[in-house]
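Remarks on the overall topology
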Amino acid sequence: MDAADMGTDLEKVLIPEEELQAKIKELAGQIDADYAGKNLLIVGVLKGAVMIMADLARALHVEVQMDWMAVSSYGAGTKSSGVVRTLKDLDTDIAGRHVLVVEDIIDSGLTLSWLVHNLQSRNPASVEICTLLRKPEAVKVPIDVKYVGFDIPNEFVIGYGLDYAERFRNLPFIGTLARHVYGAE
Ligand SMILES: O=P(O)(O)OC[C@H]1O[C@H](OP(=O)(O)OP(=O)(O)O)[C@H](O)[C@@H]1O
Ligand code: HPA
Ligand SMILES: [Mg+2]
């Protein structure tokens, strides 16, 4: 799916595919340097982080294991419910492990602050965060993030894993939606 397939549903492209891919290579370089000689587990937060996990993992030179958690707080709308639900837990015991949580976006921060507390209670050697996007104006819970791709304005974004009511995850870029798509929300 690309911009042409969206017709009038696309408002604008915020971050084109080439910029996303260049940034992911840059992040991978930092992670390679920081975790050289360590045994790293990268944890993708389903579903939004699927694209960045796939591209980041392939850009890394360090060997990693990959695991997934599924949590959800947005449901079908554009606002966080504030309640984080675990839909799938890790398969891996992370006690003593170096863990890097990989996310598509930090918006209010509620999901990651909940998740990091949850993971820290399992006694890992370390827990750090890599997020492709962050909305500094929307953050309600401050979080320590080691790797950030882009700080973006406080607008609802779609594409590259991010959805609106499960739509538009398979766009290769980050964009914003035309007003008419949200309807009366
Ligand atoms: O900082 P926050 O305000 O908590 O928002 C960020 C979270 O919201 C989205 O997930 P969502 O609940 O939509 O699930 P999804 O990844 O399956 O779309 C996104 O993928 C993050 O996990
Ligand atoms: O801006 C967003 N877009 C899609 N999903 C999201 N989940 C949190 N913020 C967003
Ligand atoms: Mg979502």
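First, a word on what this report is: a plain description of the structure on this page. These figures come from a predicted structure and were not determined experimentally.

It is worth spelling out the pattern of salt bridges at this point. Close approach of charged atoms lets side chains of opposite charge pair. Throughout the structure, instances matching the rule amount to 13 salt bridges. Put simply, arginine 122 and aspartate 89 hold a salt bridge, and the shortest N to O gap is 3.0 Å. Taken together, the positions of arginine 122 in the loop between helix H3 (110-120) and strand E6 (126-134) and aspartate 89 in the loop between strand E4 (85-88) and strand E5 (98-106) put the pair 33 residues apart, joining distant regions of the chain. A relative accessible area of 23% means that arginine 122 is categorised as partly exposed. Two residues, arginine 169 and glutamate 166, come together in a salt bridge whose shortest N-O distance is 2.9 Å. On the basis of relative accessibility, which here comes to 18%, the residue arginine 169 falls in the buried class. We classify glutamate 166 as partly exposed; its relative accessible area is 45%. One network of salt bridges, in which partners are shared, links Lys47, Asp163, Glu166 and Arg169.

Here the focus is unusual backbone geometry. In this structure, lysine 47 follows leucine 46 across a cis peptide bond, with omega equal to 0°. Note on placement: lysine 47 falls in the loop between strand E2 (40-46) and helix H2 (50-59). Positive phi outside glycine occurs at asparagine 123, with the angle close to 60°. In this fold, asparagine 123 is placed in the loop between H3 and E6. With a phi close to 50°, tyrosine 160 is a non-glycine residue in the positive phi region. Along the chain, tyrosine 160 falls in the loop between strand E8 (157-158) and strand E9 (174-177).

Below, the discussion takes up the sheet that holds E5. One open sheet accounts for 6 strands, arranged E4-E3-E2-E5-E6-E7; its pairing is mixed. Each end of this open sheet is capped by a strand with a single partner; those strands are E4 and strand E7 (147-151). Strand after strand, the sheet turns through a mean of 30° between neighbouring axes, direction not considered. Together, E2, E5, E6 and E7 form the strand contacts of helix H1 (residues 17-34), whose direction differs from that of E7 by roughly 160°.

Before going further, it helps to spend a moment on the sheet that holds strand E1 (residues 10-15). Sheet strands pair via backbone hydrogen bonds, and the direction of the pair is either parallel or antiparallel. On the basis of which strands lie adjacent, the open sheet formed by 3 strands has the order E1-E9-E8 and antiparallel pairing. Only two strands of the sheet have a single partner each, and these edge strands are E1 and E8. Relative to E9, E8 is paired through 2 bridges, and the arrangement is antiparallel. Paired with isoleucine 158 across the bridge in E9 is glycine 175.

Rules behind the numbers
Residues numbered from 1 in each chain as written. Chains lettered and ligands numbered in written order. Predicted model: local features only at pLDDT ≥ 70, side-chain atom pairs only at ≥ 80, totals over all residues. Heavy atoms only, no water. Salt bridge = Lys/Arg side-chain N within 4 Å of Asp/Glu carboxyl O. Helix = DSSP H or I, 4+ residues; strand = E, 2+ residues; numbered from the N terminus. Buried < 20%, exposed > 50% of the residue type's maximum accessible area, 1.4 Å probe, protein only. Pairing = 2+ DSSP bridges. Axes fitted to C-alpha atoms, helices over the stretch in contact; angles between N-to-C directions. Contact = heavy atoms within 4.5 Å.

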